[in-house]
Amino acid sequence: MDPKTSLRYQLIAAWCGPAFLVTFVFFWGILGHNIPNPSPALSAADLAARYADNLGQIRLGFIVALITVVFYLPWSAYISARMARIEGPYPVLANLQLLGGGLTVMVVSFSATFWAVAAFRRERDPALIELLTDTGWLVIDLQYACTTLQMVALALAVLADRKNKATPLMPNWACYLTIFCAVSFFPASLTGVLKTGPFAWDGVMSYYFPYFCWLCWEITASSFFIRDVRRRMREAERAPIESEPLAASATA
């Protein structure tokens, strides 16, 4: 593959981050009625009524979210490829980032699948709807470590980059922000035992704060990745122009 084509694919992959962000918030969050999300303190009957009252939107939201969540994969693949160039022949952190990104997609997909199943039959026993809803939220909240691993691996690799000090993939402050956002998920571990309060799955510390941090990181990181690809595209365009005078002088 020629360099220009490769760079175009890299740019598409980098833009998949914002594409994932927009579709995730709209379909998973708004249409799926996860903004705000249901309280774990709701009774089975109230939870079933919540599905019944918004059945069409919930079904559409989670079905489309299960398709568009794959935008996260090419975005993670681009990050891994750039990290591998930084690390050299043994890209351990790049591989960890790629695995973390892939597992993040699976965690989000499994949770949305449980909620789609809960909405599949209107006549389903409310107790089963409650079980499926609980399972979906505990899957996505208790397995945050996959995403944390991805984010920390990225930050450590970029902070250790000594070859590209003039043009780093991200500045140091963005790396520290990445680590902070990565550990902001830790309070979500309490969603496995609490049904009310700030550490329940609809609480500030287990839902709104870490998810807001994650979205801020996604926006920040994507902006730097897109900028990085565009910079390298400009360099590739200038390279032939700069080499022409050298070729002319060599033939003279």
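Shown above is the structure to which this text applies.
The structure reproduced in this document is the subject of the present report. Everything numeric here is computed off the predicted structure, so don't read it as measured data.

1. Observations concerning the overall build of the protein chain
So, step 1. Per the secondary structure count, the protein chain includes 9 helices and 0 strands.
So, step 2. The N-to-C order of helical and strand elements in the protein chain reads α-α-α-α-α-α-α-α-α.
So, step 3. Put simply, the protein chain has 252 residues, and 45% of those count as buried.
So, step 4. Intrachain contacts of the protein chain at a sequence separation of at least 6 include 77% that bridge at least 24 residues.
So, step 5. When the 19 positive and 17 negative side-chain charges of the protein chain are each reduced to one mean point, those points stand 7 Å apart.

2. Let's talk about helix α3 (residues 55-68)
Spacing of three or four residues puts side chains on the same side of an α-helix, whose turn is 3.6 residues.
So, step 1. For α3, which comprises 14 residues, the first-to-last C-alpha distance of 20 Å matches the rise-based estimate of 20 Å (1.5 Å per residue) to within 8%.
So, step 2. By the burial criterion, the buried members of α3 are Leu55, Ile58, Gly61, Phe62, Val64, Ala65 and Thr68.
So, step 3. The inward-facing, buried residues of α3 abut α1 (3-31), α2 (44-53) and α5 (92-118).

3. Structural notes on the packing of aromatic side chains
Centre distance and the angle of the planes are the two values used to describe a pair of aromatic rings.
So, step 1. Inspection of every chain in the model, using the stated rule, returns 26 aromatic pairs.
So, step 2. When the ring of Phe20 is compared with that of Trp214, the centres are 5.9 Å apart and the planes differ by 65 degrees; the resulting orientation is edge-to-face. Residue Phe20 is found in helix α1, and its partner Trp214 is found in helix α9 (residues 204-251); the two are separated by 194 residues along the sequence. The burial state of Phe20 is the same as that of Trp214; both residues are buried.
So, step 3. Both rings, one in Phe62 and one in Trp115, keep their centres 5.3 Å apart while their planes meet at 40 degrees; by these two values the pair is tilted. Of this pair, Phe62 sits in helix α3 while Trp115 sits in helix α5, and the two are 53 residues apart along the sequence.

4. Some thoughts on the side chain of Gln10
So, step 1. Within the secondary structure, Gln10 is located in helix α1.
So, step 2. Look past the residues within four positions of Gln10 in its chain and what remains in contact with it is Tyr78, Val229 and Arg232.

5. A few points about unusual backbone geometry
So, step 1. The step from Ile35 to Pro36 runs through a cis peptide bond, and the omega angle for that step is 0 degrees.
So, step 2. You will see that His33, though not glycine, has its phi angle at about 60 degrees, which is positive.
So, step 3. For His33, the position within the fold is in the loop between α1 and α2.
So, step 4. Overall, the relative accessible area of 19% leaves His33 in the buried class.

6. Comments concerning the nonpolar core
So, step 1. Grouped together as the largest cluster of nonpolar side chains are 66 residues, with contacts concentrated most on Trp28, Leu154, Met170, Trp214, Trp217 and Phe225.
So, step 2. Tallying contributions element by element places α9 first for this core, with 11 residues.
So, step 3. Residues in contact with Trp214, not counting those within four places in the same chain, are Phe20, Phe24, Tyr72, Thr147, Met151 and Phe185.

How each quantity is defined
- Residues numbered from 1 in each chain as written.
- Predicted model: local features only at pLDDT ≥ 70, side-chain atom pairs only at ≥ 80, totals over all residues.
- Heavy atoms only, no water.
- Helix = DSSP H or I, 4+ residues; strand = E, 2+ residues; numbered from the N terminus.
- Buried < 20%, exposed > 50% of the residue type's maximum accessible area, 1.4 Å probe, protein only.
- Contact = heavy atoms within 4.5 Å.
- Lys, Arg positive; Asp, Glu negative; His and termini not counted.
- Charge placed at Lys NZ, Arg CZ, Asp CG, Glu CD.
- Expected span 1.5 Å × (residues − 1).
- Phe/Tyr/Trp six-rings, centres within 6.5 Å; stacked < 30°, edge-to-face > 60°.
- Core = buried A, V, L, I, M, F, W, Y, C linked by side-chain atoms within 4.5 Å.

In short, shape yes, function no, at least from these values alone.
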